[in-house]
Amino acid sequence: MSDRLSGTRTGTPRLWWTLAAVVVLCALPFYLDAFWLRIGLFSMAAAVGAIGLGLLSGTAGQLSLGHAFFLAVGAYGYVWLAGEPGPALPTAVAAVLAVLLAGAAGGLFSPVAGRVRGVYLGVATLALVFLGHHVLLTADSVTGGFNGRSVPPLELGGFSFSADSGLTLLGVPFGAEEKLWYLGLALFALTWFTARGLLRGRPGRALVALRDSETAAAVMGVDVSRYRSAAFVVSSMYAGLAGVMIALSFRRVVPDYFGLVLSVDYLAMIVIGGLGSVAGATAGAVFVTALPLLMTRYADQLPLVAAPGTTGGPVGPTEAARYLYGAAIVLILLFAPDGLHGLVRRLRARLRRRSAPPPTAATSPTPSPAPSARAKEPTP
């Protein structure tokens with residue numbers, strides 16, 4: 001009974017904090033300008049993709065360098081299915097089919113993922129990036145070639161997420177960024193809760209056992225090949241959803257964005273945030289995505305950083321941001337191998353121990369005096 005009450009007391013503050021965070025996030029479009037909303041949109045899209053890669057590499061223990069390929073499948077799949085040339089499907093249907101298309105691409109590669117592991121799997125997925133980039137450049141009728149294609153705005157039930165709708169709420173004009181903000185929040189929340197549920201359920205326990213020891217997992221009845229393939233398919237679908245969100249946020253997709261650098265960025269997200277953690281992948285995605293954008297905006301106020309289009313510093317803001325989160329990776333690996341999520345968890349545990357009242361000695365009953373030994377009578 002006491003454990004149940006303590007669990008209730010612990011869960012109530014967490015619920016209030018969650019509700020407060022939701023209220024704050026929903027109110028931000030009424031106060032932030034378009035630049036900060038774009039950072040939030042790019043960060044939410046990156047967080048969805050990072051959560052998927054975290055399930056694959058952090059939980060299942062499969063190294064993947066091809067995450068950019070599945071992001072490209074989702075982004076270009078949506079653009080082609082919803083646009084012209086293309087089937088010109090309803091945009092909502094095109095978005096769902098693009099996510100399924102990315103999952104199908106992961107399913108086609110899953111036999112390789114089910115049999116290859118470690119650095120060999122990383123090299124195999126790396127081939128996907130180079131193959132995908134070549135296809136994006138040469139299939140002009142589908143991808144638009146080097147110049148890419150513009151992205152049709154999403155429409156749901158007659159409501160358009162475009163910039164020219166003329167919508168005004170509480171005196172605040174709602175453009176594409178404001179409307180996409182709420183769509184991104186909904187998709188991110190869906191990704192968060194589905195990934196948390198998967199990790200806490202039987203599939204998550206099987207993937208963790210698979211990561212720790214394939215032999216022990218097989219002995220416990222885990223179908224090793226099946227779970228490894230399933231993890232790859234689920235991760236690809238998350239990447240496809242992130243690709244759709246990226247396309248809607250950028251409003252134009254180009255092949256050069258979906259290169260090897262993007263795959264390395266996603267690996268940096270899950271390493272910095274913490275492998276196998278949904279919250280950690282989110283934190284790492286926000287850090288890696290927002291840092292170059294912030295450095296680009298404030299480059300003229302930072303030492304040794306050149307503003308875009310000038311030569312006033314030794315490095316540009318994008319290169320400086322990569323140096324910084326490269327250094328962050330080194331520091332994380334040296335001092336906090338479990339990432340930002342593990343670091344925050346340890347700090348919270350330490351603060352909880354410090355704020356806890358000192359234990360009081362339990363009052364024990366006064367022991368009754370031992371009966372005095374009876375004198376031994378002399379033997380007659």
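The shown structure was predicted, so the numbers you read here are calculated from the model rather than taken from an experiment. (Residues numbered from 1 in each chain as written. Predicted model: local features only at pLDDT ≥ 70, side-chain atom pairs only at ≥ 80, totals over all residues. Heavy atoms only, no water.)

(A) The overall build of the protein, seen in detail. Of regular secondary structure, the protein possesses 14 helices and six strands. Among the 380 residues that make up the protein, the fraction classed as buried is 42%. Accessible area of the protein: about 21000 Å², with a carbon and sulfur share of 67%. (Helix = DSSP H or I, 4+ residues; strand = E, 2+ residues; numbered from the N terminus. Buried < 20%, exposed > 50% of the residue type's maximum accessible area, 1.4 Å probe, protein only. Areas by Shrake-Rupley, 256 points an atom, 1.4 Å probe, with all protein chains shown as cover.)

(B) Fine view of a nonpolar patch on the surface. A surface patch of nonpolar side chains, amounting to about 380 Å² of accessible area, comprises V93, V96, L97, L100 and M237. Sort the elements by how many residues they give to the nonpolar patch and helix α4 (residues 91-115) lands first, with four residues. Inspection of the secondary structure assignment puts V93 in helix α4. (Patch = residues over 30% accessible without salt bridge, like charges linked within 9 Å, V, L, I, M, F, W, Y side chains within 5 Å. Salt bridge = Lys/Arg side-chain N within 4 Å of Asp/Glu carboxyl O.)

(C) Highlighting the pattern of salt bridges. Overall, the coordinates contain seven salt bridges when judged by the stated rule. For the salt bridge of E177 with R251, the shortest nitrogen-to-oxygen distance reads 2.5 Å. Here E177 is found in helix α7 (residues 176-200), whereas its partner R251 is found in the loop between α10 (224-250) and β6 (252-253), with 74 residues between them in sequence. The class for E177 is buried, based on a relative accessible area of 10%. With a relative accessible area of 35%, R251 lands in the partly exposed category. Because the salt bridges share partners, they merge into one network encompassing R38, E177 and R251.

(D) A look at the environment of L169. With respect to the helices and strands, the residue L169 is situated in strand β4 (residues 167-169). For L169, a relative accessible area of 37% corresponds to the partly exposed category. With 139 residues separating them in the primary sequence, L169 and F30 have C-alpha atoms 8.5 Å apart. Those residues in contact with L169 that sit more than four places away from it in its chain are F30 and F174. (Contact = heavy atoms within 4.5 Å.)

(E) Local environment of the side chain of T125. With respect to the secondary-structure elements, T125 resides in helix α5 (residues 118-138). Its relative accessible area of 0% is what places T125 among the buried residues. A distance of 2.8 Å separates the side chain of T125 from the backbone nitrogen of L65, its partner in a polar contact. Setting aside chain neighbours within four positions, we find T125 in contact with L63, S64, L65, G66, F109 and F232. (Polar contact = N/O pair within 3.5 Å; in protein donor to acceptor, adjacent residues only side chain to side chain.)

(F) Structural view of the environment of L37. Positionally, L37 belongs in helix α2 (residues 34-59). Between the C-alpha atom of L37 and that of E178, which follows or precedes it by 141 residues, the distance is 7.2 Å. Those residues within four positions of L37 in sequence are excluded, and the remaining contacts are P29, L32, E177, E178 and W181.

(G) The environment of Y78, seen in detail. Along the chain, the position of Y78 falls in helix α3 (residues 67-82). Excluding residues that lie within four positions of it along the chain, Y78 makes contacts with T91, A94, A95, A98, V151, P152, P153, L154, V244 and L248.

(H) Focus on the packing of helix α11 (residues 260-273) against helix α13 (residues 317-335). For the pair α11 and α13, the least separation of the axes is 10 Å and the interaxial angle reads 40°. It follows that α11 is oblique to α13 by the angle criterion. α11 and α13 meet at a crossing whose hand is left-handed. Facing α11, whose interface residues are V261, D265, A268, V271 and I272, α13 presents R322, Y325, A328, I329, I332 and L333. In the contact of α11 with α13, the residues fall into nine nonpolar, no polar and two charged. (Axes fitted to C-alpha atoms, helices over the stretch in contact; angles between N-to-C directions. Parallel < 35°, antiparallel > 145°, perpendicular 65-115°, else oblique. Left-handed = near helix turned anticlockwise from the far one by under 90°. Nonpolar A, V, L, I, M, F, W, Y, C, P; charged D, E, K, R; others polar.)

(I) Looking closely at unusual backbone geometry. Residue P85 is reached from E84 by a cis peptide bond, and omega for that bond is 5°. With respect to the element layout, P85 can be found in the loop between α3 and α4. We note that A88 has phi near 55°; this positive angle belongs to a residue other than glycine. For A88, the position within the fold is in the loop between α3 and α4. Phi at R251 is positive, roughly 70°, even though this residue is not glycine.

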